2 protein chains.
Amino acid sequence: MPIYFRKNLERMMDVSTYSCMSREELQREYENVLEAFNHCKAQGLNLNMARGKPATKQLDLVSGLLTMLQKPEDCFDGDIDARNYGQLSGLPCARAYWADVLGCKPSEVFVGGAASLNMMCDIVSRAFTHGLLHSPRPWCKEETVKFLCPSPGYDRHFQIGEFYGAELIPIPMTPEGPDMDMVEEYVKDPQVKLIWTVPKYSNPDGIIFSDETIRRFANLKPAAPDFAIIWDNAYCVHEFVGDYIPFPDIISMCAEAGRPDMVYEFASTSKITFAGGGISCMAASEANIHYFSDIFGVQMISYDKVNQLRHVRYLKDKAHTLEIMKLHASVMAPKFQVVSDYLNREIAPLGFAHWNNPKGGYFVSLFTMPGTAKRAWQLCAEAGVTMTNAGATYPYRNDPDDSNLRIAPSLPPVEELEKAMEVLCTCLKLAALEKLLSA
Amino acid sequence: MPIYFRKNLERMMDVSTYSCMSREELQREYENVLEAFNHCKAQGLNLNMARGKPATKQLDLVSGLLTMLQKPEDCFDGDIDARNYGQLSGLPCARAYWADVLGCKPSEVFVGGAASLNMMCDIVSRAFTHGLLHSPRPWCKEETVKFLCPSPGYDRHFQIGEFYGAELIPIPMTPEGPDMDMVEEYVKDPQVKLIWTVPKYSNPDGIIFSDETIRRFANLKPAAPDFAIIWDNAYCVHEFVGDYIPFPDIISMCAEAGRPDMVYEFASTSKITFAGGGISCMAASEANIHYFSDIFGVQMISYDKVNQLRHVRYLKDKAHTLEIMKLHASVMAPKFQVVSDYLNREIAPLGFAHWNNPKGGYFVSLFTMPGTAKRAWQLCAEAGVTMTNAGATYPYRNDPDDSNLRIAPSLPPVEELEKAMEVLCTCLKLAALEKLLSA
């Protein structure tokens, strides 16, 4: 049975203001909040804080991308015509770009299409039908295949595992990253084949894995010879407050620790340029790049190199990319401030919830009163505010505490976001009061 | 045991000039041809007729594509911002564009990324791991899965089947398309799950399936409830001589015949705009589009809609696309003429080979003296001319007659192509003479 990370929740409940109120006080508070809720509902809102979508303002900021390639002679990377077939593993300049961003070698980079998720799914799919580089057999021939799922985590990661019939094992998150004692214990089981991670600004908690956590990942000695760390570095340059935080190269660390082929790192420009219209990459050992070039060669002649070249011309290198990320930050930071302000003002004094204060990524992870997240989500929906489904951040969409909600404040403009946060805070209170009064 | 289509070969051998020569005449001819071959070799050529790659001139013709989207306000399809996530099945304007080109309904179109091959591979992959819409079980749970492979055919189709462990069954091609008597017979076997087709300008034979062949395809009554026709309409608008030849909509024909979910049609702009940098689509019944939207939703948030919009703005509709194809034709036609001229002048009088004279597509399919295709390929390589591997056009790369060679004349400029054809003709002769003299 999985062990969950309850410490914060338990500590918090002790000092809850709601928890100190008498039944009469709670009832009065309930009536006030219900009135506020009905007032919200009456506004007929239609607001969305469900997905990590960039705002129109952010998309406008990178319009320079559109005009990078204008004439035939713009379309060459050296001798290579980006407009024709070839270069399955990506344009040399695009491989060099990602190597610069991630701190690995160009030969360790495979540049793909618009979505890194698609490549992750391809890796898992081929692992099941054919096996990874060191698989004794395809995973579909194993009796049981288990995936470790640091939770709360990214719903689409978990969905891929579920789709292929893996058994999903939740691993609690700590402020340093996944609980590594537990990870190290679990990987002794040869049926444990994979772990999903978002090592920087984890989705949704916004946690940056500590140096010690990363060191322990690189030094894992799993029983399965084909154990895979999916290192989804989706937010590798995505600070919205403060300066870029350097991050070590997991590829060379795994190599130094003697398991060079254990890690598959992913990144994309979906939240640097256009969402779903960018370029993605996989970084891995050269042996893995060769293995998967052969496999991807079955499905592809070559990925969209025109878009690869357009991106490299626009983003140039890591330094220039970080400058562009400062522009995104100028749009993102005020929105996360709104979320923080509302929660601090409306919810903090009541003591029934806690949340992170990330400096990058796309989400605020909120832990509300256990047993009320689903209800709060439903109340939000009734009041016209769409949130990520409660539970979505856990394997099988099952948050055992029914506590976590993922707030995605990037899409709505600030004025809409303020309304949405007002609704959310009201719904969090109402759900908590309903629970306390029904006890 | 598969039956092969030997009629043409047998007929041809009867009238071969080489076959009428005495041993002494053959020996003299051999010495002359060997001298010509050595002369070719001495030139140190490096020419490529291996793949169906568009020429630089063709890529230059469609440069207007590069400047279609210049400003943020260009990036909207109605209310939909092409730069953000959403619309998994494609932008409405892109679905409408493909429906216009293929003659189906927009609701029957799923617009994907740069490669239709990738989507075909996804379909086969998911059929094996999860099953198609009417599969009683995933194909990996079947004892044997058989794919029908009209041959000569497209090597990458066959490779996908081989990769997933299907048994590949060659089906002879006739001037009307695949031998439908044989197809109708084979599909009585419930282990036969799929047939690969290129219905218009088949790769490599350049055959347009006749109305009767298409009617028989639509009216197939396979034993397998999940039998799939892969209708790879890669060359749907790709005439290079003469006017566009109308082609029926297989989706509605299958629906009328009572098996609406049996066919999966594919097309892309890889040979309309940029090779590997275009957009692709799958057309299928609405039920199939729903089924695969759910499945593709596991791996993708949405495909590159910016490139979808860029393409629709540039290509506009079927009528305008056909105008652009006329520009391609002006580059392609002279090259096919060179191939035809050389073969007619150098090879036809010798009577040991025959070939097609396509009016569209990307290939000339050459049947040389049985037992000499591999040797001719090797001689070409020695003389600096890269051809598609002999045998590649057959399942398991095994041409039982060792006769077929695929000529891809699109990439080299005319002057290079002339040299390459001179080499090829010399090598065809030399290989034939070696064979005759060793008999």
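It should be noted that the structure appears before, not after, this text.
Visitor: Give a detailed account of the relation of the copies chain B and chain A, specifying residues and quantitative values.
Guide: One copy of the chain maps onto the second through a rotation around an axis plus a translation along that axis. Mapping chain B onto chain A is achieved by rotating through 180° and translating by 0.0 Å along the same axis, at an RMSD of 0.0 Å. Look at the turn and shift together and you get a two-fold axis relating the two. In this assembly, 100% of the residues forming the interface of chain B have copies in chain A that are likewise at the interface, indicating an isologous arrangement.

Visitor: Mind laying out a negative patch on the surface, listing which residues take part and the relevant values?
Guide: All names here are of chain A. A grouping of Asp341, Glu415, Glu416 and Glu418 is seen on the molecular surface, where their side chains present a negatively charged patch. Top contributing element to the negative patch by residue count: helix H15 (residues 414–438), with three residues. Mapped onto the fold, Glu418 is located in helix H15.

Visitor: Tell me what's going on with the pattern of salt bridges, and back it up with residues and numbers.
Guide: Applying the stated criterion to the full structure yields 38 salt bridges over all chains. Through salt bridges with shared partners, one network takes in Arg137, Glu142, Lys193 and Asp226 of chain A.

Visitor: Tell me about the packing of aromatic side chains, residues and numbers included.
Guide: One pass over the full model with this rule turns up 40 aromatic pairs over all chains. Note on Phe209 of chain A and Phe217 of chain A: the rings are 5.8 Å apart at their centroids and 10° apart in plane angle, and the pair reads as stacked. Put simply, the rings of Phe110, Tyr264, Tyr291, Phe292, Phe296 and Tyr303 of chain A pair up and form one aromatic cluster. A cation sits over an aromatic face here: Lys271 of chain B above Tyr362 of chain B, 5.2 Å from the ring centre. Across the ring face of Tyr342 of chain B, the terminal group of Arg345 of chain B is positioned such that the distance to the ring centre comes to 4.6 Å.

Visitor: Provide a residue-level description of the packing of helix H14 (residues 373–382) of chain A against H15 of chain A, including the pertinent values.
Guide: Helix-helix packing is characterised by the crossing angle of the two axes and by the distance between the axes. Residues and elements named next belong to chain A. At a closest axis distance of 8 Å, the pairing of H14 and H15 adopts a crossing angle of 135°. By the angle between their directions, the pair H14 and H15 is classed as oblique. The interaxial crossing formed by H14 with H15 has right-handed handedness. Listed contacts from H15 to Arg375, Ala376, Leu379 and Cys380 of H14 are Val423, Leu424, Cys427, Leu428, Leu430, Ala431 and Glu434. Residues belonging to the contact of H14 with H15 are distributed by class as follows: nine nonpolar, no polar and two charged.

Visitor: An account of the environment of Tyr201 of chain A is requested, with residue identities and associated values reported.
Guide: Residues and elements named next belong to chain A. Summarising the element assignment, Tyr201 is placed in the loop between strand E8 (192–197) and helix H9 (211–218). Note on Tyr201: relative accessible area 3%, which makes it buried. In the structure, Tyr201 is positioned 24 residues away from Gly177 in sequence and 9.8 Å away in space, judged by C-alpha atoms. Polar side-chain contacts of Tyr201 include one of 3.1 Å to the side chain of Glu239.

Visitor: So, unusual backbone geometry: which residues are in play, and what are the values?
Guide: Cis rather than trans, the peptide bond between Ser151 of chain A and Pro152 of chain A has omega equal to 0°. Examined against the element boundaries, Pro152 of chain A turns out to sit in the loop between strand E5 (146–151) and helix H7 (155–163). Put simply, Asn203 of chain B and Pro204 of chain B share a cis peptide bond, and its omega is 5°. Along the chain, the position of Pro204 of chain B falls in the loop between strand E8 (192–197) and helix H9 (211–218). A positive phi angle, close to 55°, is found at Arg397 of chain A, a residue other than glycine. Topologically, Arg397 of chain A is positioned in the loop between strand E14 (385–387) and strand E15 (404–407).

Visitor: Which residues make up the interface of chain B and chain A, and what are the values?
Guide: Opposite the 54 residues of chain B that make contact, chain A presents 54 residues. Both sides together, the interface formed by chain B and chain A hides about 4600 Å², and carbon and sulfur atoms give 56% of it. Among the residues of chain B in contact with chain A, Arg83, Tyr85 and Val298 of chain B are the three that bury the most area, contributing 16% of the side total. Here chain B and chain A share two salt bridges between them. One salt bridge in this structure joins Asp60 of chain A and Arg83 of chain B, with 2.8 Å as the shortest N-O distance. At the surface where chain B touches chain A, the tally comes to 17 residue pairs in polar contact (both at pLDDT 80 or more). Per-element tally for the side of chain B that touches chain A: the top contributor is helix H6 (residues 116–129) of chain B, with seven residues. Taken together, the residues of the side of chain B that touches chain A break down into 24 nonpolar, 18 polar and 12 charged.

Visitor: Summarise the sheet that holds strand E7 (residues 177–178) of chain A; cite the residues concerned and give the values.
Guide: Residue and element names in this part refer to chain A. With respect to topology, eight strands assemble into an open sheet ordered E4-E11-E10-E9-E8-E5-E6-E7, the strand pairing being mixed. Of all the strands in the sheet, the pair left with one neighbour each is strand E4 (109–111) and E7. The pairing of E5 with strand E6 (residues 167–174) spans six bridges and is parallel. By the bridge assignment, Cys149 is partnered in E6 with Pro170. Set on the sheet, helix H6 (residues 116–129) makes contact with E4, E5, E8, strand E9 (228–232), strand E10 (263–268) and strand E11 (280–283); between it and E10 the angle comes to about 155°.

Visitor: Break down helix H11 (residues 286–299) of chain B for me, with residues and values.
Guide: In an α-helix there are 3.6 residues to a turn, and that puts residues three or four apart on one side. With 14 residues, H11 of chain B should cover 20 Å at 1.5 Å per step; its first-to-last C-alpha distance of 20 Å lies within 8% of that length. Residues Asn288, Ile289, Phe292, Ser293, Ile295, Phe296, Gly297, Val298 and Gln299 of chain B constitute the buried set of H11 of chain B.

Thresholds applied
- Residues numbered from 1 in each chain as written.
- Chains lettered and ligands numbered in written order.
- Predicted model: local features only at pLDDT ≥ 70, side-chain atom pairs only at ≥ 80, totals over all residues.
- Heavy atoms only, no water.
- Least-squares fit on C-alpha atoms with pLDDT ≥ 70 in both.
- Contact = heavy atoms within 4.5 Å.
- Patch = residues over 30% accessible without salt bridge, like charges linked within 9 Å, V, L, I, M, F, W, Y side chains within 5 Å.
- Areas by Shrake-Rupley, 256 points an atom, 1.4 Å probe, with all protein chains shown as cover.
- Salt bridge = Lys/Arg side-chain N within 4 Å of Asp/Glu carboxyl O.
- Lys, Arg positive; Asp, Glu negative; His and termini not counted.
- Charge placed at Lys NZ, Arg CZ, Asp CG, Glu CD.
- Helix = DSSP H or I, 4+ residues; strand = E, 2+ residues; numbered from the N terminus.
- Phe/Tyr/Trp six-rings, centres within 6.5 Å; stacked < 30°, edge-to-face > 60°.
- Lys NZ or Arg CZ within 6 Å of the ring centre and 35° of its normal.
- Axes fitted to C-alpha atoms, helices over the stretch in contact; angles between N-to-C directions.
- Parallel < 35°, antiparallel > 145°, perpendicular 65-115°, else oblique.
- Left-handed = near helix turned anticlockwise from the far one by under 90°.
- Nonpolar A, V, L, I, M, F, W, Y, C, P; charged D, E, K, R; others polar.
- Buried < 20%, exposed > 50% of the residue type's maximum accessible area, 1.4 Å probe, protein only.
- Polar contact = N/O pair within 3.5 Å; in protein donor to acceptor, adjacent residues only side chain to side chain.
- Buried area = accessible area lost by both parts, 1.4 Å probe.
- Pairing = 2+ DSSP bridges.
- Expected span 1.5 Å × (residues − 1).

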